[in-house]
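Tertiary structure, described
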Amino acid sequence: MATKPTTNHRWRFFRSGGVDQVRIERGSDVLNLHTLDQKLWVALSCPVRGLEFDERTLALLDTDGDGRVRAPELVAATQWLGKVLKDADELTQGVDGVKLSSIRDDTDEGRSVLASAKHILASLGKESSGAITIGDTLMTAEVFAQARFNGDGVVPPASLSDADARAVAEEIVRCTGGAIDRSGLPGFDGATLDAFFADCAAYAAWRDAGAADADAILPLGDATGAALAAIDAVRTKVDDFFARCRLAAFDERALAALNKEESAYLEVAAKDLSITVDEVAQFPLASIQAGRELPLEQDLNPAWTAAMTALRDAAVRPLLGEQRASLSEADWTALCAKLAPYRAWQAGKAGASVESLGLERVRAILAGGTKDALAAAIDEDKALASRVDAITSVEKLARLHRDLFKLLNNFVSFTDFYARRTAIFQAGTLYFDGRACDLCVQVLDAAKHGTLAPMSKSYLAYLDCTRPDGQKLQIAAAFTAGDSDNLFVGRNGLFYDRKGRDWDATITKIVDNPISIGQAFWSPYKKLLRWIEEQVAKKAAAADADASTKLQTSAATAGTAASTGTAAPPKKMDIGVLAAISVAIGGIATVLGGIMEAFFGLGYLMPLGLLGLMLLISGPSMVIAWLKLRQRNLGPLLDANGWAVNALTRVNLPLGRSLTAVSAIPEGAERSLKDPYAPKKSAWPRVLLVLLVLAGVGYGLYRFGYLHEWLPEYVPAYVSDELSCVESAKAGETVEIGVPAGTSALSLYDSASGAVTALAVTDGKASFTVPEGTPVGTRFTVSDPARPELSCAFDVVE
């Protein structure tokens with residue numbers, strides 16, 4: 001477990017995409033990696049496979065061979081490099097080739113690697129070379145791998161010069177499966193050698209035990225095994241036969257049931273009769289009778305004739321010593337008892353892996369003394385292990401000299417990813433729907449991706465990729481710009497891996513999340529349009545089906561009328577339905593009228609009202625998108641591939657836009673807007689637009705009094721509670737009064753005369769004509785006698 005370190009090394013950090021990360025730019029940063037608190041590492045482990053990084057380098061770092069490179073293994077590598085290299089700043093260059101002068105000669109580790117490097121160069125005829133490369137180590141390793149002995153403790157039979165030892169070695173590989181040598185050939189090691197000779201000894205001892213009591217164990221000699229096999233082939237059926245006969249002796253009424261019913265024979269007879277048919281094989285061996293012996297030649301079930309003949313010839317007659325044509329239950333019991341010792345001996349068989357060699361060959365191997373020669377060959381091979389390990393150390397140095405700095409900037413920090421230099425987990429670029437997506441990762445575990453991918457809050461498309469040569473690959477691509485209108489399962493695109501190879505890519509699954517705030521703004525309207533299209537399609541399909549049904553019904557009705565001479569009575573209009581439709585239309589018109597009145601009542605603020613309405617509709621979607629886009633995180637995608645991401649690796653809006661490039665015409669390109677297949681433009685949209693603009697301008701002029709000379713003055717309604725009327729009226733003018741539901745009568749008070757007049761309410765309205773000669777300034781107050789709190793008033797003006 002990591003503890004909090006203390007160090008004088010001064011670490012430097014940078015911030016990118018809202019994430020603070022350590023800068024690894026100097027050799028001292030590499031050598032002091034063990035002092036960096038692991039809480040500050042972006043990742044704590046990564047997989048060996050599935051990355052755009054040298055897999056052999058990762059395998060050398062994976063010292064425990066579990067398929068993952070962990071932080072302690074990376075720290076151990078940097079500390080080892082500190083003991084081997086003089087100047088760690090060379091690591092930052094990422095060069096293939098380590099100068100011999102850069103290897104330390106004042107440490108045991110450095111001297112060992114330096115000596116091995118010089119030996120490798122000498123074996124390749126490059127004594128004058130001042131540097132050793134990865135290619136040099138690979139050439140030497142290949143030579144050692146193909147050598148007679150290569151230090152892995154596994155000896156292929158072909159590497160043995162002695163013919164007898166080579167023959168035994170081949171038998172070891174054939175009987176035990178052997179072990180695989182570094183060269184790729186099968187061979188034997190110490191474990192397989194010991195196991196083979198142990199099996200030989202056990203097999204010989206087992207055979208000796210059988211020979212010591214041959215009269216009881218092998219009553220028929222080598223033919224005893226065939227006799228037991230013949231008995232085992234029919235044992236269940238013979239036991240079944242005698243059991244049925246005993247039941248028949250107990251109660252003869254069971255005889256019919258113990259033999260198959262007649263219907264069962266009729267069922268079989270109805271089929272293509274064959275003596276191997278399953279139904280016949282299930283019948284008893286012979287007809288059941290009380291105390292009957294089992295026939296061995298006649299009256300047998302035809303499906304078992306061959307097996308019973310083998311039993312008679314291989315076991316009954318050789319062991320019971322008579323030319324028997326039948327077998328009693330006592331004889332059957334005695335026959336099985338004679339072979340019981342052989343059965344027990346077979347159950348204790350040992351050394352079965354070498355049985356195919358035969359007893360004589362096994363005894364010859366045990367007596368031949370080849371085991372010591374084979375063990376000596378293994379020891380000779382192992383003696384070269386230190387030289388091979390030294391080659392591995394040189395290869396490790398050469399690979400880390402080239403690759404470690406890049407790995408640290410994709411492990412301890414994600415510098416390459418946030419600097420847009422293509423990280424080792426980015427598999428390539430997906431071209432799809434007019435976009436190029438750079439954030440593509442291989443999918444190594446689809447089940448883990450299914451669990452973790454939604455937590456990334458990114459819009460992800462999972463794609464199956466194939467090449468003409470049959471190679472297959474699955475990737476997850478993040479769409480971080482544009483929209484999702486044309487992204488759906490089944491669409492095809494083109495994927496380029498980091499080697500430049502192209503793959504056919506098909507979407508198989510989508511994890512839906514917001515792509516951008518702009519997409520979220522239009523999302524409610526697009527959903528509404530899709531819903532309308534779906535409803536229209538459903539209504540059209542229903543109307544088509546209804547029309548077809550009506551047509552068929554009409555045709556049937558006409559046929560009935562023609563045959564009977566009586567026409568069907570005409571359907572009558574349902575007045576209730578007509579009234580309901582009228583009420584519905586009236587309600588809709590009222591709602592729309594109220595909305596339009598409120599909207600046009602805004603006057604010059606109508607554009608702001610339209611903007612507010614759009615924000616009211618799109619605002620919630622945009623807020624949700626904004627919240628999710630702020631949470632967009634790379635970590636779950638990498639965790640699903642076996643990483644252990646230790647920091648919140650955000651993908652904010654600017655970084656997201658850089659990860660997905662949207663198609664655009666190159667700057668300076670020529671573009672012709674003449675489209676020969678463009679739809680012909682109709683004049684009506686322009687006409688309607690002009691009319692709407694003129695109507696809006698006219699309404700504004702009228703509303704603000706510029707047209708009162710030619711049109712009646714606009715007087716806004718005065719509303720008190722739910723009773724409404726105009727604010728003013730002229731003498732002789734009729735005033736319309738809006739009446740709420742539940743009001744049946746109104747009273748009108750004249751402030752000039754003090755008179756109170758009753759007004760009748762009809763269809764939710766009341767009206768009053770101002771008498772001629774009414775003084776200017778007179779106020780008329782309208783109220784509901786039953787609900788005095790409802791009132792409105794208007795004044796008489798000139």
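See the structure above.
Residues numbered from 1 in each chain as written. Predicted model: local features only at pLDDT ≥ 70, side-chain atom pairs only at ≥ 80, totals over all residues. Heavy atoms only, no water.

For the rest of this paragraph, the subject is the overall build of the chain. Each helix and strand counted, the chain has 26 helices and 28 strands in total. By the burial criterion, 35% of the 798 residues in the chain qualify as buried. The long-range fraction of contacts in the chain, counting pairs at least 24 apart against all pairs at least 6 apart in sequence, stands at 65%. When the accessible area of the chain is evaluated, it comes to approximately 44600 Å², of which 57% is carbon and sulfur surface. (Helix = DSSP H or I, 4+ residues; strand = E, 2+ residues; numbered from the N terminus. Buried < 20%, exposed > 50% of the residue type's maximum accessible area, 1.4 Å probe, protein only. Contact = heavy atoms within 4.5 Å. Areas by Shrake-Rupley, 256 points an atom, 1.4 Å probe, with all protein chains shown as cover.)

Take the nonpolar core next. V412, F414, F417, F425 and W643 are the most contacted members of the largest nonpolar core, which totals 69 residues. With eight residues, the single largest contributor to this core is helix α18 (residues 385-408). Ignoring anything within four residues of it in the chain, the contact list for F425 reads L51, F414, F417, C440, V441, L634, L638 and W643. Listed in part, the 56 residues of the second largest apolar core include L296, M308, L327 and C336. (Core = buried A, V, L, I, M, F, W, Y, C linked by side-chain atoms within 4.5 Å.)

So, about empty space enclosed by the protein. The tally for this structure, following the rule as stated, stands at two cavities of 30 Å³ or more. As a volume, the largest cavity reaches approximately 50 Å³. Lining the largest cavity are P47, G50, L51, F425, V441, Q442, L444, L638, N641 and W643. Taken as a whole, the second largest cavity holds about 30 Å³ of empty space. Lining the second largest cavity, in full, are L439, S458, A478, T480, R632, N633, L634, L637 and V651. Classifying every residue of the lining of the second largest cavity gives five nonpolar, three polar and one charged. (1 Å grid on protein atoms, 1.4 Å probe; cavity = no way out; pocket = protein on both sides within 12 Å on 5 of 7 lines; lining within 4 Å. Points joined across faces, edges and corners; volume = space filled by probe spheres on them. Nonpolar A, V, L, I, M, F, W, Y, C, P; charged D, E, K, R; others polar.)

Residue position: T370 is located in helix α17 (residues 370-382). Residue T370 is classed as buried on the basis of its relative accessible area of 10%. With residues near it in sequence (within four places) discarded, T370 still touches D164, A165, V168, F197 and I365.

With that out of the way, let us pick up the sheet that holds strand β27 (residues 779-784). If you walk across this open sheet you meet the five strands as β22-β28-β27-β24-β25, and the pairing is mixed. In the strand order of this sheet, the two ends are held by β22 (728-730) and β25 (756-760), each with one partner. Neighbouring strand axes in the sheet, compared pairwise and without regard to direction, differ in orientation by 30 degrees on average. In this sheet, strand β28 (residues 787-797) lies alongside β27 in antiparallel orientation, the contact comprising six bridges. Considered in β28, the bridge of S783 is made with S791. (Pairing = 2+ DSSP bridges. Axes fitted to C-alpha atoms, helices over the stretch in contact; angles between N-to-C directions.)

The next point concerns α17. Counting along an α-helix, one turn takes 3.6 residues, and residues three or four places apart therefore face a common direction. With 13 residues, α17 ought to run about 18 Å at 1.5 Å a step, and its terminal C-alpha atoms sit 19 Å apart, in line with that. All of the buried residues along α17 are T370, L374, A377, I378 and D381. The buried residues of α17 all sit within an arc of 100 degrees when viewed along its axis, so they share a single face. Elements that come into contact with the buried residues of α17 comprise α6 (163-176), α7 (190-212), α16 (359-368) and α18. (Expected span 1.5 Å × (residues − 1). Arc of directions from axis to C-beta.)

What follows covers the packing of aromatic side chains. Per the counting criterion, the structure on display carries 17 aromatic pairs. Consider the rings of F417 and F425, whose centres lie 5.5 Å apart with planes at 50 degrees: the pair is tilted. A relative accessible area of 0% places F417 in the buried class. The class for F425 is buried, based on a relative accessible area of 5%. Taken together, a centroid distance of 5.6 Å and an interplanar angle of 85 degrees make the contact between Y431 and Y496 edge-to-face. Here Y431, found in strand β11 (residues 428-432), pairs with Y496, found in strand β16 (residues 492-497); they are 65 residues apart in sequence, far enough to count as distant. Grouping aromatic residues by their ring pairs yields a cluster made of W41, F411, F414, F417, Y418, F425 and W643. In this arrangement the basic side chain of R491 is found over the ring face of F488, its NZ or CZ atom lying 5.9 Å from the centre. Seen from the ring of Y462, K509 lies directly overhead, with NZ or CZ sitting 5.5 Å from the centre. (Phe/Tyr/Trp six-rings, centres within 6.5 Å; stacked < 30°, edge-to-face > 60°. Lys NZ or Arg CZ within 6 Å of the ring centre and 35° of its normal.)

Right, let's talk about the packing of α6 against α7 for a bit. Packed helices, taken two at a time, are described by the angle their axes make and the gap between the axes. Close contact between α6 and α7 brings their axes to 10 Å; oriented N to C, the two are set at 85 degrees. Judged on the interaxial angle alone, α7 and α6 are roughly perpendicular. Residues V168, E171, I172, C175 and T176 of α6 form the contact with α7, whose own contacting residues are T192, L193, F196 and F197. When grouped by side-chain class, the residues that make up the contact of α6 with α7 number six nonpolar, two polar and one charged. (Parallel < 35°, antiparallel > 145°, perpendicular 65-115°, else oblique.)

Here the focus is the sheet that holds strand β18 (residues 644-645). Whenever strands of a sheet pair, they do so through backbone hydrogen bonds, lying parallel or antiparallel. Pairing within the open sheet is antiparallel, and its three strands lie in the order β4-β3-β18. Where the open sheet ends on each side, the last strands, each with one partner, are β4 (68-70) and β18. Note: strand β3 (residues 43-47) against β18, two bridges, orientation antiparallel. Looking at the pairing, A43 lines up with V645 of β18. Packed on one face of the sheet, helix α3 (residues 71-84) meets β3 and β4 and runs near 65 degrees to β4.

Below, the discussion takes up the pairing of β27. Residues F780, V782 and D784 of β27 are buried on one face, while the alternating residues R779, T781 and S783, pointing to the opposite face, are not. Where strand β24 (residues 745-750) lies against β27, four bridges are found, and the strand directions are antiparallel. Across the sheet, D750 pairs through a bridge with F780, a residue of β27. Linking two consecutive strands that pair antiparallel, namely β27 and β28, is a turn of two residues.

Next up on the list: the pattern of salt bridges. Enumeration according to the criterion identifies 35 salt bridges in this entry. D54 is the salt-bridge partner of R399, the closest N and O atoms lying 3.0 Å from each other. Remark: D54 occurs in the loop between β3 and α2 (55-61) and R399 occurs in helix α18; sequence separation between them is 345 residues. You can call D54 partly exposed: its relative accessible area is 27%. The residue D66 makes a salt bridge to R70 at a minimum N-O spacing of 2.0 Å. Residue class for D66 comes out partly exposed when judged on its relative accessible area of 33%. One continuous salt-bridge network, built from bridges that share partners, spans D54, R56, E395, R399, R402 and D403. (Salt bridge = Lys/Arg side-chain N within 4 Å of Asp/Glu carboxyl O.)

Tracing the sequence through the fold places S791 in strand β28. Residue S791 is classed as partly exposed on the basis of its relative accessible area, which comes to 23%. Separated by 68 residues in the primary sequence, S791 and L723 have C-alpha atoms spaced 5.9 Å apart.

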